[in-house]
Amino acid sequence: MLLEISDLSSHYGRILALKGIDLRIEQGELVALVGANGAGKTTLLRCLSGVQPLSGGAIRFDGADISRMSAEGRVAAGIAQVPEGRQVFGPLSVEDNLRLGAYRRRGKGVAADMERMYALFPILRDKRHLPAGTLSGGQQQMLAIARALMGAPRLLLLDEPSMGLAPLLVAEIFQTVQDLKRQGTTIFLVEQNATAALAIADRGYVLETGAVVMEGTGAELLADDKVQAAYLGL
Amino acid sequence: MFAEFLQYLFSGLTSGAIYALAGLGFAIIYNSSHVINFAQGEFIMIGGMATATMVAAGLPLPLAAVLAVVATMAVGVALEKFAVEPARGADVTAIVIITIGASIFLRGAAQVLWDKEFHALPAFSGDTPLRLAGATLMPQSLWVVGAAVVVIALLWWFFNRTLFGKAMLATSHNRLAAQLMGIPVRSVLVVAFALSAMLGAVGGIVVTPITFTNYEAGIMLGLKGFSAAVLGGLGSGAGAIVGGLLVGVAEALASGYLSSAYKDAIAFVIILFVLFFMPSGLFGKKGTDRV
């Protein structure tokens, strides 16, 4: 098992944001986490990346307890996150953004990976010397994904990659996510767009006001009446 | 007529270079933490005082200068570690007040460690003035401007050509994203204080042969550096440099053509003017961000 979360809870001040989360991700899986706005999806990803403290429970990554590990340590261990809203480094060039994605890595693999990213997203090669802030929303999302991949992650956390994008671009981003999975990347995908996320996921979890209320394969959850009523608008 | 103007210009550019270095110090710390470090002037004072003391004790000037820069950087790091870091998570205003407290503390410590007297350094390459189109230029002014140019070039190289420099820029733009890339954001703040201290110390060392220094020499220089940073647009490196030179030249012209009584007032008139009419300064970011 690559990631195992057990009985995790987290607070914002005195407000309990996550309670008793149990969740696991196997090597090579694409796992989706769906839920309404404010359910705690982003908070859970922040806990995984070490930028939001836990108030209880544990996170095990590849067998080791990382609950108290620094954010830098987790990146070095192989957990990379594509944050909600892309959050590229606007004033820096596209190439510098990619280079910073590999901040924790040393050695010559970095240049080869940069080429791989340009092959994956050719538009980034054309714009590599431009400030990232000048890219369109879809291009920034591609850059954010490529930047995280530059860290050669063993687990890729994707927070709302479809947010604010036109439908055509959403399809493209989800295609990219599927391609990455096919190439063997383990992916934890957090989405409000539950239909699209569950359709490509091996398994899924439904988060409601800070707790997991349902889990199953992507197909099971898509077919579930309650999920349909609550998240798919059917 | 023109010779007079040139004379004021030389004097303005010399002090302007010091203000530019101090303004850059403000900008670097502001960018990494949104804190305005009011102990910036004390870095200038410590650089000058430490060098003067070591030279008086018989050390060769280059060695004394290097040691003084290192000592000032150590003070900067200590300031971050023991005064700013423990208040992490506090309101920015609270941290700004902490830096004001730190500046008072550093002045007091300097008064105890040294004294209240003025300390001098000999000019680095003699006191024979150079004549230029009827105006005179002290060789030390060239040292001041030259040192500023070298330090600014090194900073440019650091922020644009090294991975850690780029990581610092990335952190100032988006701290959360920087953390998610594995950039050690706490070290970034420590390095920002060390760099700002270095800038202050270099300025303090090269200006001491011209102005002399004492335990409270940093107050005015720090405030002038602050007005340079505000005029240029807080957080803009180019802005701090241009702002510093403008403040220096403006006060030199004002004290030359009006009265030297107005010299110090000019910097503060500039702050007020900027805050009233162009709060984001010459090169500052406008208040909006593309989402």
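Predicted, not measured: the structure shown is a model, and the values here were computed from it.

1. Quick look at the UniProt feature "transmembrane region" (unreviewed entry) in chain B
Okay, step 1: In this numbering, the UniProt entry assigns the feature "transmembrane region" (unreviewed entry) to residues 6–30, 63–80, 92–114, 141–159, 180–206, 226–253 and 265–284 of chain B.
Okay, step 2: A helix fraction of 96% and a strand fraction of 0% characterise residues 92–114 of chain B, whose end C-alpha atoms lie 32 Å from each other.

2. Looking at the pattern of salt bridges
Okay, step 1: Scanning the model with the defined rule gives 17 salt bridges over all chains in all.
Okay, step 2: We note a salt bridge from lysine 181 of chain A to aspartate 202 of chain A, for which the minimum N-O separation is 2.9 Å. Here the residue lysine 181 of chain A occupies a position in helix α7 (residues 167–182), and aspartate 202 of chain A occupies one in the loop between α8 (194–200) and β9 (203–208), the gap between them amounting to 21 residues.
Okay, step 3: In this structure lysine 181 of chain A comes out as partly exposed when scored by relative accessible area, which is 24%.
Okay, step 4: Given a relative accessible area of 30%, aspartate 202 of chain A falls into the partly exposed group.
Okay, step 5: A salt bridge links arginine 107 of chain B to glutamate 42 of chain B, with the shortest nitrogen-to-oxygen separation between them at 2.9 Å. You can see arginine 107 of chain B sitting in helix α4 (residues 92–113) and its partner glutamate 42 of chain B sitting in helix α2 (residues 40–56), a full 65 residues away along the chain. Neither arginine 107 of chain B nor glutamate 42 of chain B differs from the other in exposure class; each is buried.
Okay, step 6: Look at the salt bridges and you will find they share partners, linking Lys224, Glu251, Lys263 and Asp264 of chain B into a network.

3. Overview of the nonpolar core
Okay, step 1: Membership of the largest hydrophobic core comes to 82 residues, with the highest contact counts inside it found for Phe89 and Leu100 of chain A together with Ile183 and Leu195 of chain B.
Okay, step 2: With 14 residues, helix α8 (residues 185–211) of chain B is the largest single contributor of residues to this core.
Okay, step 3: Grouped together as the second largest cluster of nonpolar side chains are 45 residues, Leu143, Leu156, Ala194 and Ile200 of chain A included.

4. Observations concerning a nonpolar patch on the surface
Residue and element names in this part refer to chain B.
Okay, step 1: A grouping of Met1, Phe2, Phe5, Tyr257, Leu258 and Tyr262 is seen on the molecular surface, where their side chains present a nonpolar patch of about 720 Å² in accessible area.
Okay, step 2: As for its placement among the helices and strands, tyrosine 257 is situated in helix α10 (residues 237–257).
Okay, step 3: A relative accessible area of 40% places tyrosine 257 in the partly exposed class.

So, how was this worked out
- Just so you know, the residues in each chain are numbered from 1, in the order the chain's sequence is written.
- Here chains are named by letter from A upward and ligands by number from 1 upward, in the order in which they appear as written.
- Restriction of local features to residues with pLDDT of at least 70 applies here, the model being predicted, together with a cutoff of 80 or more for giving and counting side-chain atom pairs; totals for whole chains, interfaces and linings are based on all residues.
- As a rule here, side-chain values cover all heavy atoms of the structure and leave hydrogens and water aside.
- UniProt positions are given in the numbering used here, feature names are shortened, and annotations may be inferred rather than shown by experiment.
- By definition, any uninterrupted DSSP run of H or I lasting at least four residues is a helix, any uninterrupted run of E lasting at least two residues is a strand, and each is numbered from the N terminus.
- By definition here, a salt bridge exists when the distance from a side-chain nitrogen of Lys or Arg to a carboxyl oxygen of Asp or Glu is within 4 Å.
- Remark: exposure states derive from per-residue accessible area (1.4 Å probe, protein chains only) relative to the maximum for the residue type, with buried under 20%, exposed over 50%, and partly exposed in between.
- Nonpolar cores were defined as sets of buried Ala, Val, Leu, Ile, Met, Phe, Trp, Tyr and Cys residues, with membership established by side-chain atoms within 4.5 Å.
- Surface patches are defined over residues having more than 30% relative accessible area and no salt bridge, joining like charges when they lie within 9 Å and nonpolar side chains (Val, Leu, Ile, Met, Phe, Trp, Tyr) when within 5 Å.
- Per-residue and other accessible areas follow the Shrake-Rupley method at a 1.4 Å probe size, with only the shown protein chains counted as cover for residues.

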